[in-house]
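Okay, here's what each chain looks like letter by letter:
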Amino acid sequence: MPASHRHHHIREADFPAGSDNGSVTPPDTQGTVGPNHLMAVLNSNVTIETRTGVVLSSIPIASFWSSLGGINEAFDPRVLFDAYAGRWIISSGANAASPTAYVLIGVSQTNDPTGAWNLYKVNVDANGASWADYPTLGFNGDWIVLQTNVFTVSQGAYVGSYIYAFDKADLYAGGAGQYTVFHDSTGFTDYPAVTHDNALATEYLVRSWNGASGTLRVSTITGSIGAEILTTGVAFPTAAKGWQDSGAENFAPQLGSTARIDTDDDRIENCVYRNGSLWAAQTVYFPATGTPTRSSAQWWQINTASGSLGVVQQLGKRDDPSGQFDYAYPTLDVNANDDMMIGYSRFGASQYASANYSFRRHTDPLNTLEPDVVFKAGEAPYFKDFGTGDNRWGDCSNVAVDPINDIDLWTIQEYAATGNTWGTWWGTIALSGNPPTLTATATRTSTPTPTRKPTPTRTPKPTRTPRPTPTRTPKPTRTPTATPTPKA
């Protein structure tokens with residue numbers, strides 16, 4: 001790390017998260033930090049570590065959910081820690097492209113993830129015609145919100161976004177798993193915010209709306225528990241310049257191989273609410289017209305104050321106009337001081353795919369990031385497609401503020417390991433002195449009239465996880481436990 005950078009912050013964590021067992025690609029890199037543990041939740045395994053990297057347990061992800069019965073496959077996992085309640089929250093999709101598709105949600109009974117969990121499954125479609133892909137996860141004081149992109153089983157046609165607002169108190173109490181579900185035909189990866197304010201009565205969701213016009217869409221869930229209201233398009237934050245939503249399938253170059261790596265599309269990778277603002281990250285492609293030549297990690301800060309909802313406060317990028325490096329799969333989090341960490345994968349013809357981050361102190365100039373930091377260098381070329389031709393990466397990553405002090409920031413990112421394997425790695429920025437006190441301020445916002453904007457330009461496609469064996473051996477369906485039912 002350059003000396004000019006070192007005085008700003010200290011990097012402490014530097015150890016593995018979860019590794020490639022040969023069963024899946026991409027890993028769907030997910031993990032977070034709790035007061036005494038780390039959880040790495042990947043398409044392969046659920047791994048629980050100490051905060052210094054000692055592995056306490058690691059089990060196949062389907063095994064984590066096996067007590068629910070009928071879970072042949074779990075995929076696209078997410079994990080969060082609710083610092084206000086001292087609980088871990090986990091989600092997955094289950095049984096891809098199957099009539100028995102589910103969305104899965106679980107909460108730990110204590111702040112110890114090695115202990116007992118309350119697990120729930122929800123049938124995506126009672127008629128078995130649809131399945132749920134790429135579930136995203138957020139929460140506020142009232143709800144745990146799981147959003148997913150739904151496709152038909154038979155044709156893979158896009159149905160729309162299903163948004164499940166689970167009664168958080170009910171899940172924490174081990175209740176029936178009460179939820180309200182919304183079906184939004186105009187939605188796609190509407191990412192629910194991780195809300196760093198336990199008194200906020202609104203749950204925000206953000207999606208990439210129209211890259212050519214540089215536009216996102218903000219939606220809200222409001223109302224009382226059990227009588228929730230989804231309002232789509234309460235604001236359309238807009239950049240001065242647009243971007244392209246995707247590039248070639250295998251886009252990013254790498255050292256030591258002519259094979260390129262898939263950097264996916266411009267869907268929102270995560271969203272957080274902090275101190276009156278929404279923050280979000282996405283991969284975008286430039287130039288805005290013609291053939292894309294580079295991918296960049298773009299981040300937003302968006303105002304939620306009444307009268308200013310949707311106003312862009314900051315818009316920045318980790319970008320290399322020279323084309324030496326491509327950046328993709330960015331995620332971010334913001335601490336109590338409005339310092340921000342954004343983590344991502346970096347690619348280039350001069351390097352193996354690496355795990356990187358950038359930091360931004362709240363006093364830095366607007367729209368800027370401090371230097372790009374490699375915290376885990378790639379080790380070898382990577383190509384693994386299981387016969388599909390698609391050299392998948394990502395599909396995601398995570399950044400999370402440390403619940404001990406609400407100041408330090410952690411990230412889990414993917415890198416290219418030796419032996420044609422992927423690996424995931426923990427990194428952290430330690431900023432804290434004496435731990436500050438967690439505070440929450442209620443800031444309810446009004447809902448203005450939605451503004452008409454151009455319709456989205458992308459045709460959504462599922463992102464099924466390739467596996468070595470294309471066909472599966474059917475397994476007997478066990479008697480399920482109590483299945484959550486929607487509220488009337």
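Owing to the predicted nature of the structure, the values given are computational and were not obtained by experimental measurement. (Residues numbered from 1 in each chain as written. Predicted model: local features only at pLDDT ≥ 70, side-chain atom pairs only at ≥ 80, totals over all residues. Heavy atoms only, no water.)

### Looking at the packing of aromatic side chains
Enumeration over the complete set of coordinates arrives at 21 aromatic pairs. By way of ring pairs, the aromatic residues F75, W131, F151, Y158 and F188 are connected into one cluster. Directly above the ring of Y134 sits R267, whose terminal nitrogen or CZ lies 4.5 Å from the centroid. The aromatic ring of F325 is capped on one face by R346, whose charged end is 3.8 Å from the ring centroid. (Phe/Tyr/Trp six-rings, centres within 6.5 Å; stacked < 30°, edge-to-face > 60°. Lys NZ or Arg CZ within 6 Å of the ring centre and 35° of its normal.)

### A word on the pairing of strand β23 (residues 294–303)
Judged by how many residues are buried, β23 sits mostly within the fold: 10 of 10 residues are covered. Covered by surrounding structure in β23 are R294, S296, Q298, W300 and I302 together with S295, A297, W299, Q301 and N303, the residues of both alternating faces. As defined by bridge partners, strand β22 (residues 277–286) adjoins β23 across 10 bridges and the pair is classed as antiparallel. Looking across to β23, one finds that A281 is bridged to W299. (Buried < 20%, exposed > 50% of the residue type's maximum accessible area, 1.4 Å probe, protein only. Helix = DSSP H or I, 4+ residues; strand = E, 2+ residues; numbered from the N terminus. Pairing = 2+ DSSP bridges.)

### Things to note about the sheet that holds strand β16 (residues 203–210)
The 4 strands are arranged β14-β16-β17-β18 in an open sheet whose pairing can be described as antiparallel. Each edge of the sheet is formed by a strand with only one pairing partner; in this case those strands are β14 (191–192) and β18 (227–235). Taken together, the 6 bridges between strand β17 (residues 215–224) and β18 define a ladder with antiparallel strand orientation. Bridge assignment links T222 to a residue of β18, and that residue is I229.

### Re the sheet that holds strand β9 (residues 117–123)
Read from one edge of the open sheet, 4 strands run β6-β7-β8-β9, paired in antiparallel fashion. At either end of the open sheet lies a strand with only one pairing partner, and these are β6 (74–82) and β9. Adjacent strand axes in the sheet meet at a mean angle of 15°, parallel and antiparallel pairs treated alike. Sheet topology note: the strand β8 (residues 102–108)/β9 ladder contains 7 bridges and is antiparallel. Counterpart to S108 in the pairing with β9 is W117. (Axes fitted to C-alpha atoms, helices over the stretch in contact; angles between N-to-C directions.)

### Some points on the pairing of β22
Burial runs high along β22: 10 of the 10 residues are buried. Of the two faces of β22, both are covered, the one formed by S277, W279, A281, T283 and Y285 as well as the one formed by L278, A280, Q282, V284 and F286. The sheet contact formed by strand β21 (residues 268–274) and β22 spans 6 bridges and is antiparallel. Considered in β22, the bridge of N270 is made with A281. The hairpin formed by β21 and β22 contains 2 residues between the paired strands, and N275 there has a positive phi angle of roughly 50°.

### Section: the environment of T148
Summarising the element assignment, T148 is placed in strand β11 (residues 143–152). Relative accessible area serves as the criterion here: at 0%, T148 is assigned to the buried category. Distance in space between the C-alpha atoms of T148 and T136 is 6.3 Å, their sequence separation being 12 residues. In terms of polar contacts, T148 uses its side chain to reach the backbone carbonyl oxygen of D133, at 2.7 Å. (Polar contact = N/O pair within 3.5 Å; in protein donor to acceptor, adjacent residues only side chain to side chain.)

### Overview of the environment of A280
Position of A280 among the secondary structure elements: in strand β22. Separated by 64 residues in sequence, A280 and L216 place their C-alpha atoms 10.0 Å apart. Setting aside chain neighbours within four positions, we find A280 in contact with I268, N270, C271, Q298, W299, W300 and L332. (Contact = heavy atoms within 4.5 Å.)

### Side note on unusual backbone geometry
If a residue is not glycine, its phi is most likely negative; likewise, a peptide bond is most likely trans. Cis peptide bonds are those with omega within 30 degrees of zero, and the linkage from F286 to P287 qualifies with 0°. Structurally, P287 is set in the loop between β22 and β23. With an omega of -10°, the peptide bond running from G394 to D395 counts as cis. With respect to the helices and strands, the residue D395 is situated in the loop between β28 (373–376) and β29 (398–401). For F386, which is not glycine, the phi dihedral falls at a positive 50°. Tracing the sequence through the fold places F386 in the loop between β28 and β29.

### Overview of the pattern of salt bridges
Applying the stated criterion across every chain yields a total of 12 salt bridges. The salt bridge partner of D190 is R217, with a shortest N-O separation of 3.0 Å. You can see D190 sitting in the loop between β13 (179–184) and β14 and its partner R217 sitting in strand β17, a full 27 residues away along the chain. Residue classification places D190 among the buried positions, given a relative accessible area of 2%. Owing to a relative accessible area of 2%, R217 belongs among the buried residues under this scheme. As a salt-bridge pair, R274 and D406 come within 2.8 Å of each other at their nearest N and O atoms. (Salt bridge = Lys/Arg side-chain N within 4 Å of Asp/Glu carboxyl O.)

### As for the confidence of the model for the protein
In the predicted model, the protein carries a mean pLDDT of 90, and 88% of its residues have values of at least 70. For residues 1–8, every residue scores under 50 in pLDDT, and the model assigns this stretch 10 contacts once sequence neighbours within four places are set aside. (pLDDT = per-residue confidence, 0-100.)

### Observations concerning the environment of A377
Mapping A377 onto the fold places it in the loop between β28 and β29. A C-alpha to C-alpha distance of 7.0 Å links A377 and Y415, two positions 38 residues apart in sequence. Aside from chain neighbours lying at most four places away, what touches A377 is S354 and Y415.

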